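# Examining the three-dimensional arrangement
Given next are the chains, with one letter for each unit.
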Amino acid sequence: MSAFNAIGEEREIDRDEFTPGNEPQPTWCPGCGDFGVLKALKQALPEVGRNPEEVLTVTGIGCSGKLNSYLDSYGFHTIHGRSLPVARAAKLANPELEVVAAGGDGDGYGIGGNHFIHTARENHDMTYIVFNNEVFGLTKGQTSPTSPKGHKSKTQPSGSAKTPIRPLSQSLNAGAGYIARTAAVNPNQAKEIIKEAIEYDGFAHIDFLTQCPTWNKDAKQYVPYIDIQESDDYEHDINDRAEASQMMFETENKLYEGEVLTGRYYVDDESPSYQAEKQAIGEMPDEPLVERYFDEDYEWERSYDLLDRHK
Ligand SMILES: Cc1ncc(C[n+]2csc(CCOP(=O)(O)OP(=O)(O)O)c2C)c(N)n1
Ligand code: SF4
């Protein structure tokens, strides 16, 4: 696909454009589902005509938070649970940026849960990918907000007594405009869902099931998946809030009974994003507050000087 870069030149883009020049190898464990998110994102971005200079990935802390180290775009690695407020600020400052926020279920649904609710409520125009492996991966497998009841870990050796949260229902109740679930083991669907989410004008939440073979060997991420849009048993109108809500209510329980449904659950084609509303009332610029400096012959010495001065 061809696209224009930030200095107006037309060029062909493919997923290699998003591979960092020094090609750092991901340090994720062999078999980790996080590879699937990275691959799907790298495929999706060029297919919707985005090039690296237009994309900002904002991540939290966790194995999932390393995503932007392996993606050649603008990146902002924030603190635990804080990817969304930073992503919101970036989008408000520069509406031209394609903002993708990402993090784990602990990061996004646990410590960052309040930001998740309010970013969805305000329908901020961005994509939010939650790597849901049902545990805290980086800190060695503790129970997370999505771990099923009875899940045994070092912090809950007799099994978790807590009811897991239902992220899709929570997202719908809060006000997200686009809500989907996909899985690392389902690469084609994952890519298509990410493409739709990026193109959606509002808050697009993807609950992305990622396997953690190191700390969560029993996870549902290994059972077969049913695609809602392909299955005759699970028809619902994705634009209808009440039907989507019912669908989530039924299927989120089944996630913990061994059946996993993926696909689009809800798409709001009516409500404007926060950014669109602000622009309509003249409270938000159409253009970046500050022009970004971009030059193929960028003088890297200037950046090194700057870094040195802040050591
Ligand atoms: C404020 C704060 N509390 C706790 C931690 C420790 N910590 C680092 S990563 C993490 C959990 C990561 O789990 P999750 O977000 O599910 O991501 P995963 O590693 O599974 O991808 C925790 C608790 C931290 N870095 N900062
Ligand atoms: S600990 Fe789990 S989530 Fe982290 S890199 Fe390894 S497999 Fe992936």
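Provided above is the structure to which this section pertains.
An account of the accompanying structure is given in this report. Not measured: the values here are computed from a predicted model. (Residues numbered from 1 in each chain as written. Chains lettered and ligands numbered in written order. Predicted model: local features only at pLDDT ≥ 70, side-chain atom pairs only at ≥ 80, totals over all residues. Heavy atoms only, no water.)

This part covers the packing of helix H4 (residues 113-121) against helix H5 (residues 167-174). Between H4 and H5, the shortest axis-to-axis distance is 8 Å and the interhelical angle comes to 45 degrees. It follows from the interaxial angle that H4 and H5 lie oblique. Residues Phe-116, Ile-117, Ala-120 and Arg-121 of H4 pack against Pro-167, Gln-170, Ser-171 and Ala-174 of H5. Partitioned by chemical class, the residues of the contact of H4 with H5 number 5 nonpolar, 2 polar and 1 charged. (Axes fitted to C-alpha atoms, helices over the stretch in contact; angles between N-to-C directions. Helix = DSSP H or I, 4+ residues; strand = E, 2+ residues; numbered from the N terminus. Parallel < 35°, antiparallel > 145°, perpendicular 65-115°, else oblique. Contact = heavy atoms within 4.5 Å. Nonpolar A, V, L, I, M, F, W, Y, C, P; charged D, E, K, R; others polar.)

Attention shifts here to unusual backbone geometry. With a phi angle near 65 degrees, Glu-134 is a residue other than glycine that sits in the positive phi range. Relative to the helices and strands, Glu-134 resides in the loop between strand E6 (126-132) and strand E7 (135-136). Located in the positive-phi region is Lys-140, a residue other than glycine, with phi close to 85 degrees. Examined against the element boundaries, Lys-140 turns out to sit in the loop between E7 and strand E8 (142-143).

Let us now look at the site of ligand 2. Neighbouring ligand 2 are the residues Trp-28, Cys-29, Cys-32, Cys-63, Asn-133, Gly-137, Cys-212, Pro-213, Thr-214 and Trp-215. Classifying every residue of the shell around ligand 2 by side-chain character gives 7 nonpolar, 3 polar and no charged. (Near = heavy atom within 4 Å.)

Our next topic: the side chain of Asp-105. With respect to the helices, strands and loops of the structure, Asp-105 is situated in helix H3 (residues 105-111). Buried charge without a salt bridge: Asp-105, with Arg-181 as the nearest opposite-charge side chain at an N-O distance of 10 Å. Of the polar contacts made by the side chain of Asp-105, one reaches the side chain of Thr-146; its length is 3.2 Å. With residues up to four places along the chain from it excluded, the contact list for Asp-105 reads Gly-110, Val-130, Phe-131, Asn-132, Asn-133, Glu-134, Val-135, Ser-144, Pro-145 and Thr-146. (Buried < 20%, exposed > 50% of the residue type's maximum accessible area, 1.4 Å probe, protein only. Lys, Arg positive; Asp, Glu negative; His and termini not counted. Salt bridge = Lys/Arg side-chain N within 4 Å of Asp/Glu carboxyl O. Polar contact = N/O pair within 3.5 Å; in protein donor to acceptor, adjacent residues only side chain to side chain.)

This next bit is on the packing of aromatic side chains. In the structure shown here, the tally under the stated rule is 7 aromatic pairs. With 5.0 Å between their ring centres and 85 degrees between their planes, Trp-28 and Tyr-70 make a pair best called edge-to-face. On the criterion of sequence distance, the pair formed by Trp-28 in the loop between strand E2 (10-12) and helix H1 (34-47) and Tyr-70 in the loop between strand E3 (55-59) and strand E4 (74-77) is long-range, its members being 42 residues apart. Each of the two residues, Trp-28 as well as Tyr-70, counts as buried. Geometrically, the ring pair formed by Phe-116 and Phe-203 is tilted, given 6.5 Å between the ring centres and 55 degrees between the ring planes. Here the residue Phe-116 occupies a position in helix H4, and Phe-203 occupies one in strand E10 (residues 203-209), the gap between them amounting to 87 residues. As far as burial versus exposure is concerned, Phe-116 and Phe-203 are alike and both buried. Ring-pair connections join several aromatic residues into one group, and the members of that group are Tyr-109, Phe-116, Tyr-128 and Phe-203. (Phe/Tyr/Trp six-rings, centres within 6.5 Å; stacked < 30°, edge-to-face > 60°.)

Okay, the sheet that holds E6 next. Here we have 8 strands laid out as an open sheet, ordered E4-E3-E5-E6-E10-E9-E12-E11, and mixed in their pairing. The sheet terminates laterally at E4 and strand E11 (225-227), the two strands that pair on one side only. On average, each strand axis in the sheet is tilted by 20 degrees relative to the strand beside it, whichever way the strands run. The sheet contact formed by strand E5 (residues 98-104) and E6 spans 5 bridges and is parallel. Each residue of the ladder has a partner; that of Gly-103, found in E6, is Val-130. Sitting on the sheet, H4 is in contact with E6 and E10, with an inclination near 135 degrees to E10. Strand contacts of helix H6 (residues 187-199): E5, E6, strand E9 (178-183), E10, E11 and strand E12 (260-267), with the helix running at about 160 degrees to E9, the strand carrying the most contacts. (Pairing = 2+ DSSP bridges.)

Right, let's get into the pairing of E9. With 6 of 6 residues buried, E9 lies mostly within the body of the structure. The two faces of E9 match: Tyr-178, Ala-180 and Thr-182 on one face and Ile-179, Arg-181 and Ala-183 on the other face are all buried. In this structure, E9 lies alongside E10, joined through 6 bridges in parallel fashion. By the bridge assignment, Tyr-178 is partnered in E10 with Ala-204. A crossover connection joins E9 to the parallel E10 through H6; in handedness this β-α-β unit is right-handed. Bridge count between E9 and E12: 4 bridges; the pairing is antiparallel. By the bridge assignment, Arg-181 is partnered in E12 with Gly-263. (Right-handed = clockwise from strand over helix to strand, strands pointing away.)

Moving on to the site of ligand 1. Around ligand 1 sit 16 residues, and of these Cys-63, Ser-64, Asp-107, Gly-137 and Leu-138 come closest. A distance of 3.1 Å separates an oxygen atom of ligand 1 from a polar atom in the backbone of Val-135. A distance of 2.9 Å separates an oxygen atom of ligand 1 from a polar backbone atom of Leu-138. Compared with its free state, where it exposes 590 Å², ligand 1 has 72% of that area covered by protein. (Areas by Shrake-Rupley, 256 points an atom, 1.4 Å probe, with all protein chains shown as cover.)

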